[in-house]
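Chain residues, written in single-letter form:
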Amino acid sequence: MVKAMEVYEGKAKKMIPLDEKKLIMEFKDDATAFNGEKKAQFKGKGWLNAQISAKLFKLLEEEGVKTHFIGVAGENRLIVERLEMYPLEVVVRNVVAGSLKKRLPFKEGTELPEPIVELYYKDDAMGDPMINHHHSRALGIREDELREMERIALRVNEILREYFEKRGIILVDFKLEFGKNERGEIVLADEISPDTCRFWDAETRESLDKDVFRFDRGDLISAYEELYRRLS
Ligand code: 5GP
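Residues numbered from 1 in each chain as written. Predicted model: local features only at pLDDT ≥ 70, side-chain atom pairs only at ≥ 80, totals over all residues. Heavy atoms only, no water.

**Student:** Help me get a handle on the nonpolar core, residues and values and all.
**Tutor:** The biggest cluster of nonpolar side chains holds 54 residues, and the ones touching the most others in it are L56, V156, L160, F164, F178, L188 and I192. Ranked by residue count, the leading element in this core is helix α4 (residues 143-165), at nine residues. Setting aside chain neighbours within four positions, we find F164 in contact with L56, I169, F199, L227 and L231. (Core = buried A, V, L, I, M, F, W, Y, C linked by side-chain atoms within 4.5 Å. Buried < 20%, exposed > 50% of the residue type's maximum accessible area, 1.4 Å probe, protein only. Helix = DSSP H or I, 4+ residues; strand = E, 2+ residues; numbered from the N terminus. Contact = heavy atoms within 4.5 Å.)

The following block contains the structure:
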């Protein structure tokens, strides 16, 4: 369990220790893409991502998914449970986009016959390489833990997909991170926001997520505000 009291600063968030059991997760206005190669700042992004994450964590909790979310602590800050984090990114895909179309002969925008779950080793210096269960076990993550993370990721997908569909949005894909709490339970952590998910308008197929910044598709704040408006 992480007991250190130092602040951890990442590319888009800062984790500030509050006490032995809790952290403040502060969302920054910084945006980065392509493993930090592209950088910019967008006033209001931190606030939008904090509010969107809080809303989605509350929804998931209501549906019985255990998350690290405890509460909102101001404009761009959430209070979250301290966890021992797994060095993994768990990606779920419903529609072909992003790195999938570079790896397999699928056309962008094609709906997949069933959701695909992928595992990545979280390490910026290595470019977050894709890994499988064998690699994960070699990293010390047990098979039952991997299966539980994948089960939760697919349940999150079911809940969010339906929720966004009702709001005229296609949940294309998203990335989750998990940690373990003091009771040994696997808990959904990090954020769920347009920085970590792909959202397309169901009518126009326009991006309402970080692809707007990655591929210069317009104004990031307008896209994030539109997403937030549809959740409100
Ligand atoms: P892809 O593998 O297509 O680049 O990403 C798949 C999904 O996971 C996208 O929704 C993307 O935003 C998210 N994702 C994957 N890796 C990362 C990452 O390192 N950081 C963030 N913020 N999102 C990621």
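**Student:** Tell me about the site of the ligand, and please be specific about residues and values.
**Tutor:** Lining the immediate environment of the ligand, one finds 17 residues, of which R93, S99, D173, D195 and R198 sit closest. Those elements that place two or more of their residues in the shell around the ligand are β9 (88-95), β12 (169-180) and β14 (197-201). A per-class count over the shell around the ligand returns five nonpolar, three polar and nine charged. (Near = heavy atom within 4 Å. Nonpolar A, V, L, I, M, F, W, Y, C, P; charged D, E, K, R; others polar.)

**Student:** Account for the sheet that holds strand β1 (residues 8-9), with residues named and values stated.
**Tutor:** Pairing in this open sheet of five strands is antiparallel, and the strands run β1-β2-β3-β7-β6 from one edge to the other. If you trace the sheet from one side to the other, it starts and ends with β1 and β6 (69-72), each paired once. Bridge count for β6 against strand β7 (residues 77-81) is three bridges, and the pairing is antiparallel. Bridged to V72 within β7 is L78. (Pairing = 2+ DSSP bridges.)

**Student:** I'd like a rundown of helix α1 (residues 45-62), residues and numbers included.
**Tutor:** Note: α-helices contain 3.6 residues per turn, so residues at a spacing of three or four share the same orientation. Taking 1.5 Å per residue, 18 residues should reach 26 Å; α1 reaches 26 Å between its end C-alpha atoms and fits that length. The buried fraction of α1 amounts to 13 of the 18 residues, a majority that puts the element mostly inside the structure. (Expected span 1.5 Å × (residues − 1).)

**Student:** Got a sec to walk through the packing of aromatic side chains? Specific residues and values, please.
**Tutor:** Taken as a whole and assessed by the stated rule, the structure comprises six aromatic pairs. Centre to centre, the rings of F164 and F199 are 4.6 Å apart; their planes meet at 40°, and the pair counts as tilted. Note that F164 is positioned in helix α4 and F199 in strand β14, a separation of 35 residues in sequence. Assessed through its relative accessible area of 0%, F199 is described here as buried. Every member of this aromatic cluster is reached through a ring pair, and the members are Y163, F164 and F199. Directly above the aromatic system of F213 lies the positively charged group of K38, at a separation of 5.0 Å from the ring centroid. The ring of Y163 carries the charged tip of R167 above its face, separated from the ring centre by 3.7 Å. (Phe/Tyr/Trp six-rings, centres within 6.5 Å; stacked < 30°, edge-to-face > 60°. Lys NZ or Arg CZ within 6 Å of the ring centre and 35° of its normal.)

**Student:** Break down the side chain of K210 for me, with residues and values.
**Tutor:** Tracing the chain through its elements places K210 in the loop between β14 and α5 (211-214). Within the buried core, K210 has no salt-bridge partner, and the shortest N-O distance to an opposite charge, that of D195, equals 4.9 Å. (Lys, Arg positive; Asp, Glu negative; His and termini not counted. Salt bridge = Lys/Arg side-chain N within 4 Å of Asp/Glu carboxyl O.)

**Student:** Before we move on, could you go through helix α6 (residues 220-231) and cite the residues and values that matter?
**Tutor:** With twelve residues, α6 should reach 16 Å at 1.5 Å per residue; the first-to-last C-alpha distance of 17 Å fits that figure. Packed against the buried residues of α6 are α1, α4, β12, β14 and α5.

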